[in-house]
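# Tertiary structure, described
The lines below spell out each chain.
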Amino acid sequence: VEMWPNRQYGLCCGGGGSVIQNPTFGQKRFEHAKLKRDQILRTGASVVSTSCQNCLSQLDDLRGRYDMPVQVKSVIKLLVEAVEASREQPDPESE
């Protein structure tokens, strides 16, 4: 599921520009991220994924802070899970 708005109209999660690593921003990053939280929840998705390490940290913090019913995973993690799942499937040609 693709969130809307996205691409050039996308909303920042609040962790961009290394904000997550700057303690002076503290609670402001959570306030800013309410829009992203609402955007994620509107999708109804059970997993949110990104390739950005700052976003992974921020989204995981948001999940805990706002008790969001989603898993936060990197794109790489999703790829590894898909490869592993495909290995568990029996090969129909070998039967």
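Reference entry: report on the structure contained in this document. (Residues numbered from 1 in each chain as written. Predicted model: local features only at pLDDT ≥ 70, side-chain atom pairs only at ≥ 80, totals over all residues. Heavy atoms only, no water.)

### Concerning the nonpolar core
Proteins that are soluble and globular tend to have nonpolar side chains buried together. Of all hydrophobic cores here, the largest spans 12 residues; its members are Cys13, Phe30, Ala33, Ile40, Val48, Cys55, Leu56, Leu59, Leu62, Met68, Val70 and Val72. Broken down by element, the residue count for this core peaks at 4 residues, all from helix 3 (residues 53-65). Excluding residues that lie within four positions of it along the chain, isoleucine 40 makes contacts with Met3, Val48, Leu59, Met68 and Val70. (Core = buried A, V, L, I, M, F, W, Y, C linked by side-chain atoms within 4.5 Å. Buried < 20%, exposed > 50% of the residue type's maximum accessible area, 1.4 Å probe, protein only. Helix = DSSP H or I, 4+ residues; strand = E, 2+ residues; numbered from the N terminus. Contact = heavy atoms within 4.5 Å.)

### What about the side chain of serine 74?
Residue placement: serine 74 occurs in strand 2 (residues 71-74). Dropping the residues within four chain positions of it, serine 74 is found in contact with Ser49, Thr50 and Leu56.

### Comments concerning the pattern of salt bridges
Tallied over the full model, the rule gives 6 salt bridges. Lysine 34 is the salt-bridge partner of glutamate 31, the closest N and O atoms lying 3.3 Å from each other. The class for glutamate 31 is partly exposed, based on a relative accessible area of 46%. Between arginine 63 and aspartate 60 there is a salt bridge; the shortest N-O distance is 3.0 Å. (Salt bridge = Lys/Arg side-chain N within 4 Å of Asp/Glu carboxyl O.)

### As for the packing of aromatic side chains
Enumeration according to the criterion identifies 1 aromatic pair in this entry. Between the aromatic rings of tryptophan 4 and tyrosine 9, the centroid separation amounts to 6.3 Å while the plane-to-plane angle is 50°, which identifies the pairing as tilted. In this structure tryptophan 4 comes out as exposed when scored by relative accessible area, which is 58%. Judged by relative accessible area, tyrosine 9 falls into the exposed class, the value being 52%. Just above the ring of tyrosine 66 sits the side chain of arginine 37; from NZ or CZ to the centre is 4.5 Å. One Lys or Arg, arginine 65, reaches over the ring of phenylalanine 30 and ends 4.5 Å from the middle of that ring. (Phe/Tyr/Trp six-rings, centres within 6.5 Å; stacked < 30°, edge-to-face > 60°. Lys NZ or Arg CZ within 6 Å of the ring centre and 35° of its normal.)

### A short note on helix 3
Over its 13 residues, helix 3 extends 18 Å from the first C-alpha to the last, a length consistent with the 18 Å expected when each residue adds 1.5 Å. All of the buried residues along helix 3 are Asn54, Cys55, Leu56, Gln58, Leu59 and Leu62. Downstream of helix 3 by a residue or two, aspartate 67 has a phi angle that is positive, lying close to 50°. (Expected span 1.5 Å × (residues − 1).)

### Brief notes about the pairing of strand 2
Strand direction decides the pairing type here: strand 1 (residues 47-50) and strand 2, joined by 4 bridges, are parallel. Among the inter-strand pairings, valine 47 is bridged to a residue of strand 2, identified as glutamine 71. (Pairing = 2+ DSSP bridges.)

### Concerning the environment of aspartate 60
Counting through the fold element by element, aspartate 60 comes out in helix 3. Spatially, the C-alpha atoms of aspartate 60 and glutamine 8 are 23 Å apart, while their sequence positions differ by 52 residues. Engagement of the side chain of aspartate 60 in a polar contact is seen with the side chain of arginine 63, the distance being 3.0 Å. (Polar contact = N/O pair within 3.5 Å; in protein donor to acceptor, adjacent residues only side chain to side chain.)

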